[in-house]
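# Coordinate analysis (summary)
One-letter residues, chain by chain:
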Number of protein chains: 8
Amino acid sequence: MDELSRLLNEVAAGALTPAEAETRLRTMAGAGYAEMGHTKLDLDRRRRRGVAEAVFAAGKTPQQVLEIAARLDAAGQNVLCTRVTQETADFVRAARPDFEHHALARILMKRNERPASPPGGTVAVVAAGTSDLPVAEEAALSADLMGSPVERVYDVGVAGIHRLFGAADDLLQRARVIVVVAGMEGALPSVVAGLVRAPVIAVPTSVGYGASFGGIAALLGMLNSCSGGIAVVNIDNGFGAGLMAHLINAVEDRG
Amino acid sequence: MDELSRLLNEVAAGALTPAEAETRLRTMAGAGYAEMGHTKLDLDRRRRRGVAEAVFAAGKTPQQVLEIAARLDAAGQNVLCTRVTQETADFVRAARPDFEHHALARILMKRNERPASPPGGTVAVVAAGTSDLPVAEEAALSADLMGSPVERVYDVGVAGIHRLFGAADDLLQRARVIVVVAGMEGALPSVVAGLVRAPVIAVPTSVGYGASFGGIAALLGMLNSCSGGIAVVNIDNGFGAGLMAHLINAVEDRG
Amino acid sequence: MDELSRLLNEVAAGALTPAEAETRLRTMAGAGYAEMGHTKLDLDRRRRRGVAEAVFAAGKTPQQVLEIAARLDAAGQNVLCTRVTQETADFVRAARPDFEHHALARILMKRNERPASPPGGTVAVVAAGTSDLPVAEEAALSADLMGSPVERVYDVGVAGIHRLFGAADDLLQRARVIVVVAGMEGALPSVVAGLVRAPVIAVPTSVGYGASFGGIAALLGMLNSCSGGIAVVNIDNGFGAGLMAHLINAVEDRG
Amino acid sequence: MDELSRLLNEVAAGALTPAEAETRLRTMAGAGYAEMGHTKLDLDRRRRRGVAEAVFAAGKTPQQVLEIAARLDAAGQNVLCTRVTQETADFVRAARPDFEHHALARILMKRNERPASPPGGTVAVVAAGTSDLPVAEEAALSADLMGSPVERVYDVGVAGIHRLFGAADDLLQRARVIVVVAGMEGALPSVVAGLVRAPVIAVPTSVGYGASFGGIAALLGMLNSCSGGIAVVNIDNGFGAGLMAHLINAVEDRG
Amino acid sequence: MDELSRLLNEVAAGALTPAEAETRLRTMAGAGYAEMGHTKLDLDRRRRRGVAEAVFAAGKTPQQVLEIAARLDAAGQNVLCTRVTQETADFVRAARPDFEHHALARILMKRNERPASPPGGTVAVVAAGTSDLPVAEEAALSADLMGSPVERVYDVGVAGIHRLFGAADDLLQRARVIVVVAGMEGALPSVVAGLVRAPVIAVPTSVGYGASFGGIAALLGMLNSCSGGIAVVNIDNGFGAGLMAHLINAVEDRG
Amino acid sequence: MDELSRLLNEVAAGALTPAEAETRLRTMAGAGYAEMGHTKLDLDRRRRRGVAEAVFAAGKTPQQVLEIAARLDAAGQNVLCTRVTQETADFVRAARPDFEHHALARILMKRNERPASPPGGTVAVVAAGTSDLPVAEEAALSADLMGSPVERVYDVGVAGIHRLFGAADDLLQRARVIVVVAGMEGALPSVVAGLVRAPVIAVPTSVGYGASFGGIAALLGMLNSCSGGIAVVNIDNGFGAGLMAHLINAVEDRG
Amino acid sequence: MDELSRLLNEVAAGALTPAEAETRLRTMAGAGYAEMGHTKLDLDRRRRRGVAEAVFAAGKTPQQVLEIAARLDAAGQNVLCTRVTQETADFVRAARPDFEHHALARILMKRNERPASPPGGTVAVVAAGTSDLPVAEEAALSADLMGSPVERVYDVGVAGIHRLFGAADDLLQRARVIVVVAGMEGALPSVVAGLVRAPVIAVPTSVGYGASFGGIAALLGMLNSCSGGIAVVNIDNGFGAGLMAHLINAVEDRG
Amino acid sequence: MDELSRLLNEVAAGALTPAEAETRLRTMAGAGYAEMGHTKLDLDRRRRRGVAEAVFAAGKTPQQVLEIAARLDAAGQNVLCTRVTQETADFVRAARPDFEHHALARILMKRNERPASPPGGTVAVVAAGTSDLPVAEEAALSADLMGSPVERVYDVGVAGIHRLFGAADDLLQRARVIVVVAGMEGALPSVVAGLVRAPVIAVPTSVGYGASFGGIAALLGMLNSCSGGIAVVNIDNGFGAGLMAHLINAVEDRG
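Here the structure is a predicted model, which is why all the values come from computation and not from measurement.

Calculation criteria
Residues numbered from 1 in each chain as written. Chains lettered and ligands numbered in written order. Predicted model: local features only at pLDDT ≥ 70, side-chain atom pairs only at ≥ 80, totals over all residues. Heavy atoms only, no water. Least-squares fit on C-alpha atoms with pLDDT ≥ 70 in both. Contact = heavy atoms within 4.5 Å. Helix = DSSP H or I, 4+ residues; strand = E, 2+ residues; numbered from the N terminus. Buried < 20%, exposed > 50% of the residue type's maximum accessible area, 1.4 Å probe, protein only. Polar contact = N/O pair within 3.5 Å; in protein donor to acceptor, adjacent residues only side chain to side chain. Expected span 1.5 Å × (residues − 1). Phe/Tyr/Trp six-rings, centres within 6.5 Å; stacked < 30°, edge-to-face > 60°. Lys NZ or Arg CZ within 6 Å of the ring centre and 35° of its normal. Buried area = accessible area lost by both parts, 1.4 Å probe. Salt bridge = Lys/Arg side-chain N within 4 Å of Asp/Glu carboxyl O. Nonpolar A, V, L, I, M, F, W, Y, C, P; charged D, E, K, R; others polar. Axes fitted to C-alpha atoms, helices over the stretch in contact; angles between N-to-C directions. Parallel < 35°, antiparallel > 145°, perpendicular 65-115°, else oblique. Left-handed = near helix turned anticlockwise from the far one by under 90°. Pairing = 2+ DSSP bridges. Right-handed = clockwise from strand over helix to strand, strands pointing away. pLDDT = per-residue confidence, 0-100.

## Regarding the relation of the copies chain H and chain A
Mapping chain H onto chain A leaves a residual RMSD of 0.2 Å; the transformation is a rotation of 180 degrees accompanied by 0.0 Å of translation along its axis. Between the two chains, the operation in question is that of a two-fold axis. Same-surface contact between copies: 100% of interface residues of chain H are shared with the interface of chain A.

Structural data, given as structure tokens:
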């Protein structure tokens with residue numbers, strides 16, 4: 001944080017009294033975010049967390065999304081907007097055709113940088129059913145933008161578990177992290193985690209009806225898994241799973 | 001119902017006026033249960049349902065359990081008391097050493113009759129973990145007393161699903177009905193039902209902790225199964241599952 | 001599974017080394033499903049479960065429903081799509097007028113085969129109120145397509161229980177399995193199960209208001225029934241009840 | 001309220017200025033309750049509500065229960081203590097052997113007065129199972145002490161509904177109010193209310209297990225009854241049901 | 001039930017053998033309801049319950065509502081349809097301008113009869129806020145149609161409790177039954193019941209936001225009232241409260 | 001209350017007998033509210049509570065909002081309508097252009113008076129995210145209209161907690177009361193309260209998705225704060241927080 | 001924070017280079033808490049929040065409570081331990097007879113200091129029922145120890161609301177803050193807040209049974225109050241309410 | 001799996017016909033678990049998952065725990081029993097004094113092997129309060145036994161967030177994975193994750209009271225974190241967090 005260094009140098013140089021410095025240290029703001037009126041954009045996050053702040057577009061106007069995305073882009077950071085409606089995507093892309101729109105995943109993004117040393121492992125994204133694809137794609141695209149190689153296996157729910165073993169056994173053994181996306185009873189992460197060595201990030205989806213209660217059944221199923229080696233993110237939180245998977249995939253950087 | 005026949009015969013014989021008969025028909029009680037003060041024992045149930053009334057011992061005094069069980073026995077029907085504490089079992093067996101006590105299953109029972117034409121099929125009882133055995137045994141002993149052949153496969157949860165396939169594949173393909181007992185995330189019925197032709201009765205148990213909420217997680221997992229061919233009974237309701245399985249096993253009697 | 005037989009024959013014939021066979025056995029996919037990009041259609045399910053995979057249309061595009069249904073039809077299996085909107089039905093039938101649409105039940109279907117030895121018993125479908133008919137019809141049409149004879153009794157809720165006894169007593173005694181559909185307090189399965197010998201599949205519906213909580217009241221009522229001989233499927237899950245009833249009706253095939 | 005009359009007479013007599021009267025009116029306490037330190041006993045309740053205040057003993061010390069009961073007795077009002085433990089009952093009766101203890105109903109009571117014009121109708125108390133008797137007896141004894149004639153019908157749950165029709169049809173048609181007590185799925189009030197003209201007070205009990213959730217299943221079943229003519233009190237609130245039934249039975253006093 | 005009398009007379013006359021009569025008695029339907037295909041209209045309810053069956057219009061087509069209402073009218077019974085949308089009301093009234101529509105209460109009705117001996121008491125309907133009026137009016141119009149005199153007091157919530165005392169004290173003391181309608185915290189029934197002798201029927205409404213959870217907060221508040229003399233109906237169930245109030249108001253008929 | 005004084009003076013003057021006065025005192029309404037048919041407007045609230053009644057516009061027609069607002073204005077009190085839709089705002093302002101509309105906060109207001117001795121302290125309104133602004137503005141404008149000085153700090157959620165310390169440390173130490181508005185996990189009030197001396201009013205918002213359950217997660221987080229010095233209002237209840245903050249800010253008036 | 005001043009003085013004096021200072025500033029711990037192994041006691045809290053840290057004794061061993069309390073005492077701060085069992089109290093007082101034990105409130109305390117300028121107002125603590133006294137006393141003793149004058153009014157629930165008006169009207173108008181403690185339906189804060197000018201801190205208690213769900217009913221009632229001017233703390237959190245009330249009472253210190 | 005190789009070699013050698021091999025392949029069990037009657041111990045788990053099966057002692061008898069632990073030990077695998085009561089620990093250690101007992105963490109363990117290439121990174125275990133230590137220690141000891149270096153920081157909850165920054169900043173930046181354990185509002189993971197680059201495993205605990213609902217408040221707070229980079233395990237599931245953290249710490253092995 002340059003401002004801190006500068007301040008301390010001024011104290012050493014006698015340009016600032018200790019008392020003045022104390023006051024400024026206690027109230028110092030400045031560094032680390034861009035004040036945009038409606039938003040305090042956390043430009044420092046990339047330094048602290050290794051990935052840029054993402055924009056959760058739900059509840060923001062198209063104009064706000066455009067302004068925040070443009071500000072991130074101007075700072076040379078990756079741009080990742082999630083939960084983007086078609087209307088917002090059209091509005092933003094009219095001004096910024098250089099942003100990509102992935103309609104199924106409801107993502108608007110632009111890649112401006114890649115990790116200096118990209119993670120050596122692979123993130124596997126596994127989805128139980130066709131209706132889980134929007135969430136699975138949100139996870140996959142997020143991890144990919146952050147710099148992790150991603151491979152997908154879709155529609156391998158436990159009602160026909162042979163589909164999983166047939167299609168994915170090699171990948172499951174090879175992946176460094178596995179994101180498993182499932183709605184309804186949410187049993188797929190338990191079965192997968194029972195077979196592999198990689199940590200499993202489980203994402204419950206709101207797919208289902210009746211007593212699925214908008215994803216609560218799947219969420220509880222995943223939290224209570226008898227398999228171990230599973231941790232869970234919020235219902236439909238594909239982005240959170242992609243971020244978590246990437247952070248895990250990149251841990252050796254800090255070993 | 002003999003009383004009805006008799007009444008109508010009396011009308012035909014002129015021994016009863018139609019008006020008198022109407023009054024008696026509207027208020028007729030009598031047949032079908034034994035009035036015991038604290039209980040109206042439903043002795044007619046065996047005729048209506050094919051199995052005798054069972055005694056839910058929780059919330060009854062040892063003396064009440066003894067009286068009801070003795071009354072069923074005197075009527076020549078099978079005696080099945082569930083949720084029997086050790087204290088109640090000791091009390092009852094002091095008076096009636098001919099009753100069997102199964103401590104793990106919390107059952108007190110006596111067999112007085114078998115179905116004339118026993119069901120031709122087998123009821124498989126499958127349990128996910130060691131802690132699920134009391135509920136599984138309640139199911140198995142209940143179905144057995146009613147007359148169904150029962151086979152058991154225990155501790156085959158999805159964390160090591162190879163144990164299921166190794167131990168039970170032949171039985172699962174051969175059984176006419178399968179009872180699957182599981183706590184925690186309750187995923188086992190989904191996996192089993194995806195592989196077999198038999199109807200699956202799923203029994204959630206209160207085994208688990210934290211967000212298992214006393215069996216709610218398992219219950220929701222089973223209700224939301226993507227596999228189909230599953231129906232669910234109440235949490236820890238081994239007796240209900242055993243009864244349901246026996247009724248299914250015996251359906252051909254009424255084809 | 002022909003592929004397995006073939007592989008083993010090749011090993012016996014020396015056309016395949018044991019090591020090669022081991023690798024292929026461990027990764028073998030192929031058999032059992034059709035890879036359709038968005039979907040891995042479980043064509044093997046009919047062999048495993050005795051009934052073809054059904055298509056849950058909610059959350060799928062009309063084009064996807066059409067493709068999956070057509071693929072099932074091409075395989076000579078029965079086609080059953082549930083939760084079909086009018087829009088999807090119109091789209092599919094424009095291309096495939098040979099598919100039947102049942103608007104009340106929200107079902108699109110085509111019968112391509114019947115069981116070699118049809119079940120000898122009857123499935124009774126009982127509904128408490130007029131508003132429960134969509135779910136009841138989903139159950140009835142599903143069981144019928146799978147090959148079970150179905151009879152219906154509708155609008156016989158417990159507020160005027162004489163309607164049930166009047167209309168349905170003979171059927172209830174005669175049926176091999178009874179599906180009971182009810183919303184609000186969900187008391188009808190308890191009353192029916194107290195009177196019959198057949199197993200009862202209870203289907204809670206989301207019919208109700210206020211503290212019915214979208215079917216939770218009915219679901220809890222059914223799970224806690226004091227009658228026994230009842231098992232429950234998910235709220236509004238008519239298809240699941242029809243499938244379960246058919247599997248029960250067909251159990252003697254595997255005696 | 002004598003104090004008010006007196007005050008106004010003093011104003012008229014000039015013994016009190018209007019300003020003084022206004023102050024006293026705004027702060028007047030006194031009338032209507034007995035200050036006992038730990039309790040402000042509502043001695044005015046009998047005048048306002050027609051029945052004396054009852055003592056909810058749960059959470060009170062035996063000494064407090066004794067003091068409050070003695071104070072009510074001294075005022076010549078009926079004494080009714082509910083949820084009385086055996087320990088409290090023994091303590092109170094050591095000092096006051098004139099109080100009756102009903103152990104099953106957990107009630108301690110003394111009758112000091114009867115209504116001048118007792119209600120002309122009968123309160124029927126109906127219970128579904130043996131385990132519901134403590135709550136049913138609490139209702140019956142409460143209504144009886146307040147002055148209503150009470151008749152009981154116990155163990156007539158819907159699993160064997162013929163027991164209800166046999167034993168109680170005449171009473172149900174004749175009663176002026178019906179209290180129906182049931183746990184588990186709580187279906188009995190719906191069935192009863194469908195057959196009678198009297199208002200039904202439904203009391204859910206915490207009897208049950210698993211997904212009965214301490215009486216929630218029964219509560220929801222009763223609130224969602226399709227029958228109409230039912231209103232519900234809190235889980236296990238026998239006293240509340242007895243009070244409500246008595247108030248209804250006594251309505252004609254205020255015609 | 002004329003059919004029963006006739007049958008018994010035929011037995012007495014020898015026109016029917018007892019065996020034939022027994023068969024017919026066991027399967028007899030006919031009496032008591034009108035089979036309309038989509039509905040079994042319970043025309044016998046007026047005899048059993050003292051009031052005609054009401055029509056819950058939610059989930060029924062305009063055509064069905066018209067047919068059922070017309071059938072009730074043809075039987076000379078009162079017509080009361082609740083939860084009627086504007087669209088349904090317009091459709092029905094185009095064919096039957098003799099039906100009244102109350103838009104605020106969402107009621108469509110026609111009075112065809114009054115009780116021979118109308119109840120002597122008054123039903124008071126009290127509402128806490130302006131937004132509770134639709135439910136309060138549903139209660140008031142229902143009780144009025146059934147034959148009870150009704151008086152209303154609206155917008156007297158506890159935030160300004162002086163409005164209640166000012167406007168309604170005389171009515172509250174005079175009424176034979178009081179219906180209290182409230183949303184949000186649902187405290188009004190507790191305050192009212194603490195002051196009066198009449199039984200109170202509490203109706204929680206879904207008015208509120210945030211942690212009111214669609215009326216759950218009000219429902220729980222009413223069930224847990226410390227006042228006693230309160231019983232509760234389902235959330236927003238104005239009709240149920242009106243019916244219950246009328247049944248209470250009419251109890252002396254059966255004294 | 002003038003009416004009371006007058007009445008007592010009449011008694012003193014002999015113009016009214018004590019008995020007549022007693023009757024009128026017991027039924028006296030009049031004072032304190034304006035009867036408007038659909039509404040009993042609580043004009044006395046300003047005297048009792050120090051602030052005028054506010055109008056919760058949700059569930060009221062534009063015409064009703066206009067009438068109530070105009071009535072408050074005519075009484076010379078401040079006008080504050082919350083949850084005002086654009087449609088209602090347009091309708092009211094067509095008739096009354098002197099009312100201000102704040103669209104983001106959904107508020108329609110007019111200031112007619114200020115406290116004689118305005119509070120000496122400042123109310124700080126802190127919001128965690130951009131999507132929380134409507135609720136935060138409702139709080140800020142409400143407190144401001146009542147007479148409290150308000151300062152705002154927005155978008156300082158705990159994901160980048162340095163934004164809070166940078167922007168707001170001085171204000172947080174200086175404010176007399178702090179309103180903290182947050183959705184999702186609702187952690188911000190805990191962090192703020194750990195650092196300051198002022199009481200914190202926490203407002204959970206319904207911002208979030210999945211397991212936020214419309215604000216329940218934030219509500220529970222705030223109720224369970226380990227920090228102390230926090231009290232909570234209903235989900236999204238910005239007005240309630242503003243009112244509470246103003247009452248606290250003004251407490252010294254009553255010291 | 002002396003350590004910070006010292007560090008900056010060292011930089012100014014050249015005894016520390018800016019780089020060394022930066023490192024130490026980023027990792028500096030030391031100041032503000034006492035490391036006790038099992039606990040990091042927050043001795044700085046009195047400076048930040050105006051009141052010393054309190055000790056939540058639940059889940060701590062008697063030895064730990066003794067050590068922490070002694071450490072606070074040694075620092076000259078007030079000692080306040082809540083949720084103290086009799087066993088812990090005996091253990092601590094054996095070593096430290098100078099600590100007071102209030103058994104009803106489950107508090108162990110020692111006063112070491114009073115505010116320099118004590119708050120000028122009064123905190124009123126109002127409780128609905130006798131069973132709410134432990135929570136009410138926890139609130140009253142906490143606020144008293146912190147330096148606020150406290151007055152109590154107990155057993156004034158809404159079932160006999162005249163007790164409140166009689167006993168407390170003057171106090172309620174005079175108090176600067178009002179803590180209202182209630183279980184069951186939790187209606188008392190709504191009634192009180194409708195009558196006064198002071199902010200109301202509502203404390204739901206777990207007193208109740210059945211559908212009170214351990215205080216949820218009261219909590220929801222308070223959060224949904226129609227009265228305004230109410231904020232809520234956690235169920236049974238008397239300490240939290242006392243602290244909040246004291247902070248409010250002391251706000252003018254920071255005007 | 002040697003058995004598979006052997007079988008295929010026998011086919012190749014003509015010692016087994018393809019048909020016989022097919023039958024044996026379909027029913028082959030044997031490999032991978034030890035049948036112990038009450039338990040099928042998953043000895044293959046270490047190969048599949050990289051860590052040995054752990055023993056969840058809750059719900060098992062001391063004798064069963066001893067047998068399973070001894071069987072694992074005999075196989076040369078690490079022994080880790082969680083949720084061990086003092087009674088079970090005493091029983092087991094009487095027979096096997098070579099097992100270590102950690103009473104606070106409720107763990108019984110024996111280390112038999114270490115990873116060939118131990119993970120290069122550190123697992124930080126952070127706990128919010130003293131009462132969270134049992135869960136935190138369960139996590140720390142589990143990860144340590146599996147082979148990960150572990151460092152602990154305890155009692156750094158957000159009520160005095162300076163304790164976290166003081167004690168732990170260096171560790172948090174240096175750790176490869178961070179486990180954060182917190183009860184009550186569960187805000188600590190959000191604050192930590194906002195500051196670091198490492199993935200955070202959040203563990204809600206059941207520490208709290210009132211509306212913490214046994215850990216639900218903390219669980220929801222963690223699932224809804226605005227910080228990202230957090231995944232959650234079940235309430236009180238220290239073992240699950242330790243396992244997940246170790247698997248993450250060891251991911252580079254499979255890069």
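Still more ground to cover, so stick around.
## Some details on the side chain of Asn78(G)
Residues and elements named next belong to chain G. Checked against the element boundaries, Asn78 lands in the loop between helix H4 (62–74) and strand E4 (79–82). In this structure Asn78 comes out as buried when scored by relative accessible area, which is 12%. A distance of 2.5 Å separates a polar atom in the side chain of Asn78 from the backbone nitrogen of Asn112. Looking at Asn78, its side chain comes within polar contact range of the main-chain oxygen of Leu145, at 3.5 Å.

## Observations concerning the relation of the copies chain D and chain C
Least-squares fitting of chain D to chain C yields an RMSD of 0.2 Å, with the transformation described by 0.1 Å of translation along the axis and a rotation of 180 degrees. By residue overlap, the copies meet face to face through one surface: 95% of the interface positions of chain D are interface positions in chain C.

## Focus: helix H6 (residues 133–146) of chain H
Residues and elements named next belong to chain H. Its 14 residues place the ends of H6 20 Å apart at the C-alpha level, agreeing with the 20 Å of an ideal helix rising 1.5 Å per residue. Buried residues dominate H6, accounting for 12 of its 14 residues. Buried within H6 we find Leu133, Val135, Ala136, Glu137, Glu138, Ala139, Ala140, Leu141, Ser142, Ala143, Leu145 and Met146. Following H6 by one or two positions, Gly147 has its phi on the positive side, about 120 degrees.

## Details of the packing of aromatic side chains
Per the counting criterion, the structure on display carries eight aromatic pairs over all chains. Taken together, a centroid distance of 5.5 Å and an interplanar angle of 25 degrees make the contact between Phe56(D) and Tyr209(G) stacked. Residue Phe56(D) is found in strand E3 (residues 55–56), and its partner Tyr209(G) is found in the loop between strand E10 (200–204) and helix H9 (216–223); the two belong to separate chains. Residue classification places Tyr209(G) among the buried positions, given a relative accessible area of 17%. Across the ring face of Tyr209(G), the terminal group of Arg83(D) is positioned such that the distance to the ring centre comes to 4.5 Å.

## Observations regarding the interface of chain H and chain A
Opposite the 39 residues of chain H that make contact, chain A presents 39 residues. In total, about 3,400 Å² of surface goes out of reach between chain H and chain A, with carbon and sulfur atoms giving 52% of it. If you look at where chain H meets chain A, you find zero salt bridges. The tally of links between chain H and chain A comes to 15 residue pairs in polar contact (both at pLDDT 80 or more). Within the residue set of the side of chain H that touches chain A, elements represented by two or more residues are helix H3 (45–49), helix H7 (162–174), strand E10 (200–204), helix H9 (216–223), strand E11 (230–232) and helix H10 (238–249) of chain H. Class assignment of the residues belonging to the side of chain H that touches chain A gives a composition of 19 nonpolar, 11 polar and nine charged.

## Brief notes about the packing of helix H4 (residues 62–74) of chain H against helix H5 (residues 86–95) of chain H
Residue and element names in this part refer to chain H. Running from amino to carboxyl end, H4 crosses H5 at an angle of 50 degrees, the nearest separation of the two axes being 9 Å. The orientation of H4 relative to H5 falls into the category oblique. Every pair of crossing elements has a handedness; the one defined by H4 and H5 is right-handed. Taking contact as the criterion, the partners of Pro62, Gln63, Val65 and Leu66 in H4 are, on H5, Glu87, Thr88, Phe91, Val92 and Ala95. The residue makeup of the contact of H4 with H5, split by class, is six nonpolar, two polar and one charged.

## Describing the sheet that holds strand E5 (residues 100–102) of chain B
Residues and elements named next belong to chain B. Strand order in the open sheet formed by four strands is E3-E4-E6-E5, and the pairing between neighbours is mixed. Two strands close off the open sheet at either side, each with one partner strand: strand E3 (55–56) and E5. Direction of pairing for strand E4 (residues 79–82) relative to strand E6 (residues 107–110): antiparallel, over a ladder of three bridges. Paired with Cys81 across the strands is Leu108, a residue of E6. Relative to the sheet, helix H4 (residues 62–74) contacts E3, E4 and E6, its axis offset from that of E4 by approximately 155 degrees. Sheet strands touched by helix H5 (residues 86–95): E5 and E6. Its angle to E5, the strand with the most contacts, is close to 170 degrees.

## Regarding the sheet that holds strand E4 (residues 79–82) of chain E
Residue and element names in this part refer to chain E. With respect to topology, four strands assemble into an open sheet ordered E3-E4-E6-E5, the strand pairing being mixed. The sheet is open, and its two edges are formed by strand E3 (55–56) and strand E5 (100–102), each paired on a single side. Taken strand by strand, helix H5 (residues 86–95) contacts E5 and strand E6 (107–110), and its axis lies near 170 degrees from that of E5.

## Digging into the pattern of salt bridges
As enumerated under the stated definition, the model contains 124 salt bridges over all chains in all. Where Glu137(F) meets Arg152(F), a salt bridge forms, and the shortest distance between an N and an O atom there is 2.6 Å. Here Glu137(F) is found in helix H6 (residues 133–146), whereas its partner Arg152(F) is found in strand E8 (residues 150–154), with 15 residues between them in sequence. Classification of Arg152(F) as partly exposed rests on a relative accessible area of 39%. One salt bridge in this structure joins Glu138(G) and Arg83(G), with 3.5 Å as the shortest N-O distance. With Glu138(G) in helix H6 (residues 133–146) and Arg83(G) in the loop between E4 and helix H5 (86–95), this pair connects stretches of sequence that are 55 residues apart.

## As for the interface of chain D and chain C
Taken together, the contact between chain D and chain C spans 21 residues of the former and 20 residues of the latter. Carbon and sulfur atoms supply 70% of the area that chain D and chain C bury against each other, a total of about 1,800 Å² over both sides. Among the residues of chain D in contact with chain C, Glu185(D), Asn224(D) and Cys226(D) are the three that bury the most area, contributing 31% of the side total. Between chain D and chain C we count zero salt bridges in total. Across the chain D-chain C interface, the total number found is 10 residue pairs in polar contact (both at pLDDT 80 or more). By residue number, the principal contributor to the side of chain D that touches chain C is helix H9 (residues 216–223) of chain D, which donates five residues.

## Some details on unusual backbone geometry
Phi is positive for Arg106(F), which is not a glycine, with a value near 55 degrees. Tracing the backbone shows Arg106(F) in the loop between strand E5 (100–102) and strand E6 (107–110). By relative accessible area, which is 28% here, Arg106(F) ends up partly exposed. Positive phi, normally seen in glycine, also occurs at Asp236(H), with a value near 65 degrees. Note on placement: Asp236(H) falls in the loop between E11 and H10.

## Quick notes on the pairing of strand E8 (residues 150–154) of chain H
Residue and element names in this part refer to chain H. Where strand E7 (residues 123–127) and E8 come together, five bridges link them in parallel fashion. Considered in E8, the bridge of Val126 is made with Val153. Chirality of the crossover, the property in question, places the unit of E7, H6 and E8 among those that are right-handed.

## What to know about the confidence of the model for chain A
All names here are of chain A. Overall, the prediction assigns chain A a mean pLDDT of 88, with 92% of residues at 70 or greater. Here residues 26–31 is modelled with pLDDT under 50, and outside its nearest four sequence neighbours on either side it reaches 16 contacts, counting other chains as well. With pTM at 0.88, the complex prediction returns an ipTM value of 0.85.

## A look at the side chain of His246(G)
Residues and elements named next belong to chain G. Locating His246 in the fold gives a position in helix H10 (residues 238–249). Residue His246 is classed as buried on the basis of its relative accessible area of 6%. The residues contacting His246, other than those within four sequence positions of it, are Val51, Pro119, Ala143, Met146, Gly147 and Ser148.

## Quick word on the pairing of strand E10 (residues 200–204) of chain C
Residue and element names in this part refer to chain C. Among the five residues in E10, five count as buried, and that is most of the element. Of the two faces of E10, the one carrying Val200, Ala202 and Pro204 and the one carrying Ile201 and Val203 are both buried. Note on the crossover from strand E9 (residues 177–182) through helix H8 (residues 188–193) to E10: the handedness is right-handed. In this structure, E10 lies alongside strand E11 (residues 230–232), joined through three bridges in parallel fashion. For Ile201, the partnering residue across the bridge sits in E11 and is Ala231. Handedness of the crossover joining E10 and E11 through helix H9 (residues 216–223) is recorded here as right-handed.

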